[in-house]
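# A closer look at the structure
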Amino acid sequence: MSYALILLVIVGVVLVGFLFWRGGAPQEDVPLKHRVSPRRRRSKSQKELPPEIRNNKLYYREIFRKRSSCKIYSLEPYPLKTSRDLTEEQKEFLYQELKRFPLPSGAAMQLSEMLRDPYVDSRKVAALASTDPVVSARLLAVVNSAYFRPRSGKKVSSIHRAILLLGFNQVRNLLFQLVLEHAVSKHSPLSKEEIQKIWLHSASVSVAAGEIAKRYKEHPGLVLTAGLMHDIGKFFLPYFQNQEEVGSFLAHEMGDDLPPLIQEENLTGFNHAVIGSVLCYIWKLPHEISQAVVFHHFGNPERLFQLEVKMRRVITTVAVADYICHLLGYAGEEPYLYEIPKQALEACGFPAYPEFLITPELEKEVEKMVNLLKEYSL
Ligand SMILES: [Fe+2]
Ligand SMILES: [Fe+2]
């Protein structure tokens, strides 16, 4: 009798184990006839993965291994400040402080504006570029670098040819980079090394954002610039440390485990996204850029979802590119990530795990730009 009981218990345990192995509890919300076994569901979702992911399992395993070595922060419990949360006095204070740092107006800025029009005459662009020796030197240095040199190996000495070889998007981005570099090196109180670190990160985010946009058949112009600008506020953060005006802004308790962004708000009263968006306003950059800058850490998701779809897409693309570059090590020594809200990824048709937007090609392009910058501009 007791043997039968033991046998019954063993059979029961095996049966329960089997049911859990098959996927645990039934899908309560699904009508019985539509219920699919978890194994079938699993294999269906695997089939839905694009072939480039299914065929590169080892590559993505390595990416997820990198992810597990990063510190991951969720900003959900901390509604970040955006420019709308500032009082009139705080806005005025920020504006007055940042107004001291104008964007240098020169040929690079004019050209960058000119190249907004994809149909602009390339000869006109070349003529204007030739008037500025710094711009000409940069374009020729880049086009003759190991990354862009024509296959013939012949040195390029014509600005017009350099523009044609690099393409308008690349030229526009390089020029804008040049303008920003001037502004930052002139006004930022950070050390040369710190400036270089942020620049390399910004350039990597710009390229990654451009690659993602191209993959989704979108014009990369806007996200390239937004990527370059997204952390611009970081260069100016030290100006706001220990200012009296920011006292009322302190909302969270200090602690080492707080996300760096919140520590930033606690120390300065603002965060680099807000500072960056005010700079965009002062520098008269398009509204889309300043929105992408202020929301790139999803400071306030409810407010984000009030924006139009196109705008949300630009913001999410820059945020994902930022995430990817942190993960790939283009953001300093201590790798950390900010989680991206799943609903934002879903709304853009991006994979639920942003890691799947990384491809060997994207990595190669980012590396190319970073090496180029290390070689020529810093
Ligand atoms: Fe940032
Ligand atoms: Fe960033």
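Coordinates for the structure precede this section.
Below is a summary of the structure that appears in this document.

### Thoughts on the coordination of the iron ion (ligand 2)
- Here the iron ion (ligand 2) is held by His-201 (NE2), His-230 (NE2), Asp-231 (OD) and Asp-322 (OD), and the distances to it run 2.2 to 2.4 Å.
- Of note, the donors binding the iron ion (ligand 2) are all from one chain and are spaced H-x28-H-D-x90-D.
- The two metals, the iron ion (ligand 2) and the iron ion (ligand 1), are separated by 3.7 Å and share Asp-231 as a common coordinating residue. With His-201 in helix H11 (residues 192-215) and His-230 in the loop between helix H12 (221-229) and helix H13 (260-268), the pair connects residues that are 29 residues apart, well separated along the chain.
- On the accessibility criterion, His-201 (5% relative accessible area) is buried.

### What to know about the coordination of the iron ion (ligand 1)
- Looking at the iron ion (ligand 1), one finds its protein donor set to be Asp-231 (OD), His-272 (NE2), His-296 (NE2) and His-297 (NE2), positioned 2.1 to 2.2 Å from the metal centre.
- Because the angles between the 4 donor atoms bound to the iron ion (ligand 1) fall within 82 to 175°, the donor set is best described as irregular.
- Expressed as a motif, the donor residue spacing for the iron ion (ligand 1) is D-x40-H-x23-H-H.

### Remarks on the packing of aromatic side chains
- Per the counting criterion, the structure on display carries 17 aromatic pairs.
- Note on Phe-101 and Phe-236: the rings are 5.1 Å apart at their centroids and 35° apart in plane angle, and the pair reads as tilted. With Phe-101 in the loop between helix H5 (88-98) and helix H6 (107-114) and Phe-236 in the loop between H12 and H13, this pair connects stretches of sequence that are 135 residues apart.
- Between the aromatic rings of Phe-240 and Phe-270, the centroid separation amounts to 5.7 Å while the plane-to-plane angle is 75°, which identifies the pairing as edge-to-face. With Phe-240 in the loop between H12 and H13 and Phe-270 in the loop between H13 and helix H14 (272-282), the pair connects residues that are 30 residues apart, well separated along the chain.
- Under the relative-accessibility criterion, Phe-240 is labelled buried at 0%.
- Three or more aromatic residues joined by ring pairs make a cluster, and in this case those are Tyr-59, Tyr-60, Phe-64, Tyr-353 and Phe-356.
- In this structure, Arg-100 packs its charged tip against the face of Tyr-239, placed 5.3 Å from the ring centre.
- Geometry around Tyr-353 places Lys-342 over its ring, the cationic atom sitting 4.8 Å from the centre.

Scoring rules and cut-offs
- Residues numbered from 1 in each chain as written.
- Chains lettered and ligands numbered in written order.
- Predicted model: local features only at pLDDT ≥ 70, side-chain atom pairs only at ≥ 80, totals over all residues.
- Heavy atoms only, no water.
- Donors = N, O, S within 2.8 Å, 3.2 Å for Na, K, Ca; no water.
- Helix = DSSP H or I, 4+ residues; strand = E, 2+ residues; numbered from the N terminus.
- Buried < 20%, exposed > 50% of the residue type's maximum accessible area, 1.4 Å probe, protein only.
- Tetrahedral: all angles 85-135°; square planar, octahedral: opposite > 155°, others 65-115°.
- Phe/Tyr/Trp six-rings, centres within 6.5 Å; stacked < 30°, edge-to-face > 60°.
- Lys NZ or Arg CZ within 6 Å of the ring centre and 35° of its normal.

The quantities given are spatial measurements derived from coordinates; they are silent on function.
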